[in-house]
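# Results of the structural survey
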Amino acid sequence: MMTLLKYDFRRSWNTLLAGLVILIIVQLGLMIFLSGVTANVLGIMAYVGAGVAIYVKTIKTYAANIRSYNRRLIPVTGLSHVLSPIIFGTICGLGLLLIGFLHAYLYITMKLGLDLSAYIGVNISVAEIWSTLFFAGWIVLFMTIMIFFSISVAGTFRWKTGPWIGIVTFIVLINLLSWLENVIFSGKFSPNDLFQFTEESTGISFSANGVIWADGRWGTTVFEMALAALLVWGIIYMNTKKVEV
């Protein structure tokens, strides 16, 4: 799998560097020519845009890899072809988060001259922070697996309607999952119940409502993990037996 991962980074290295340079130029431009709320909002939007671009790149990497004849010649398991683009996107996403946190820290402590702990009041335990991060990461991972499955379904059709079949498959998966979870677990909670931000005169307060794993949330997550494992098995089967290069 490391061979596949190295290939993915080598192929996308120039694109990643170009994106990083553009992001730095945009942030410097906002810092020099704008100030206040406008600069902060545009700066956050730039990071969000970069994150979306990384996610799209991850999806495109998988879509290209399953039809690559050269990658089929590498003696690795079918699971490696699924994990490689996921790890690629995870590393790039964590790198972007690290840059964003470093930028925020320097902006708050150096430009604003404020103490970080005083600027952001955190009314949340370490366990809740980790569970929140795990929950958010699992949502992204599960969504990625469903997209990969839909792409593999589309790849089994040689007709031009293949991409449309993949889109229909994804829509059916989303609605089927929602229906099953509503039937089995009486509906999923709203993301608005997970945490909330409160702006105060002294800064921004972040607090959790303590509903992450309450009321059977573990059951929902375990159900999704089982479904994800089934989808991964289907992906490996289709990539090995059905998808034509």
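This text follows the structure it describes.
Residues numbered from 1 in each chain as written. Predicted model: local features only at pLDDT ≥ 70, side-chain atom pairs only at ≥ 80, totals over all residues. Heavy atoms only, no water.

### Brief notes about the overall build of the protein
Rule in force here: Secondary structure elements are defined from DSSP: runs of H or I of at least 4 residues count as helices, runs of E of at least 2 residues count as strands, and each element is numbered from the N terminus. To sort residues, take the accessible area from a 1.4 Å probe on protein chains only and compare it with the maximum for the residue type: under 20% means buried, over 50% means exposed, and anything in between is partly exposed.
Regarding its fold elements, the protein presents eight helices and three strands. What you see in the protein, going N to C, is helices and strands ordered as α-α-α-α-α-β-α-α-β-β-α. With 245 residues in all, the protein has 33% of them scored as buried.

### Here we look at the nonpolar core
Which entries qualify depends on this criterion: In these notes, a set of buried Ala, Val, Leu, Ile, Met, Phe, Trp, Tyr and Cys residues joined through side-chain atoms within 4.5 Å is what counts as a nonpolar core.
Grouped together as the largest cluster of nonpolar side chains are 23 residues, with contacts concentrated most on Phe142, Phe148, Phe149, Leu231 and Ile235. Sorting the residues of this core by element identifies helix H2 (36–65), helix H4 (78–111), helix H6 (126–155), helix H7 (162–185) and helix H8 (217–242) as the ones contributing at least two each. In terms of residue count, H6 provides more of this core than any other element does, nine residues in total.

### Notes on the pattern of salt bridges
Cut-off, in case you're wondering: The salt bridge criterion pairs a side-chain nitrogen of Lys or Arg with a carboxyl oxygen of Asp or Glu, the two atoms within 4 Å.
With the rule as written, the count across this model stands at one salt bridge. Of the charged contacts, one joins Asp8 and Arg11 as a salt bridge, the two residues approaching to 3.5 Å between their closest N and O atoms. Taken as a pair, Asp8 and Arg11 lie in helix H1 (residues 2–33) at a separation of three residues, close to a single helical turn. Residue classification places Arg11 among the partly exposed residues on the basis of a relative accessible area of 36%.

### Comments concerning the packing of aromatic side chains
The relation between two aromatic rings is expressed through the spacing of the ring centres and the mutual angle of the planes. For the record, the criterion: Only the six-membered ring of Trp is used, alongside the rings of Phe and Tyr, when aromatic pairs are assigned; centres must lie within 6.5 Å, and planes under 30 degrees apart are stacked while those over 60 apart are edge-to-face, with the rest tilted.
Taken as a whole and assessed by the stated rule, the structure comprises four aromatic pairs. Between Tyr62 and Phe148, the ring centres sit 4.0 Å apart and the planes meet at 10°, which makes this aromatic pair stacked. On the criterion of sequence distance, the pair formed by Tyr62 in helix H2 and Phe148 in helix H6 is long-range, its members being 86 residues apart. The pair Tyr62 / Phe148 is uniform in exposure class, with both members buried.

### Notes on H2
Three or four residues apart is the spacing at which side chains of an α-helix point the same way, because the helix has 3.6 residues per turn. What counts is decided by this rule: In this scheme, a helix's expected span is set at 1.5 Å multiplied by one less than its residue total.
With 30 residues, H2 should reach 44 Å at 1.5 Å per residue; the first-to-last C-alpha distance of 44 Å fits that figure. Those residues of H2 that fall on the buried side of the exposure criterion are Ala39, Gly43, Ala46, Tyr47, Ala50, Ile54, Thr58, Ile59, Thr61, Tyr62 and Asn65.

### Structural notes on the environment of Ile235
The criterion, for reference: Between two residues, a contact is recorded if the distance between any of their heavy atoms is within 4.5 Å.
As for its placement among the helices and strands, Ile235 is situated in helix H8. By relative accessible area, which is 0% here, Ile235 ends up buried. It is 9.0 Å that separates the C-alpha atoms of Ile235 and Ile151, two residues lying 84 residues apart in sequence. Residues contacting Ile235, with those up to four places away along its chain left out, are Tyr62, Val82, Ile145, Phe148, Phe149 and Ser152.

Shape descriptors only; they carry no functional weight alone.
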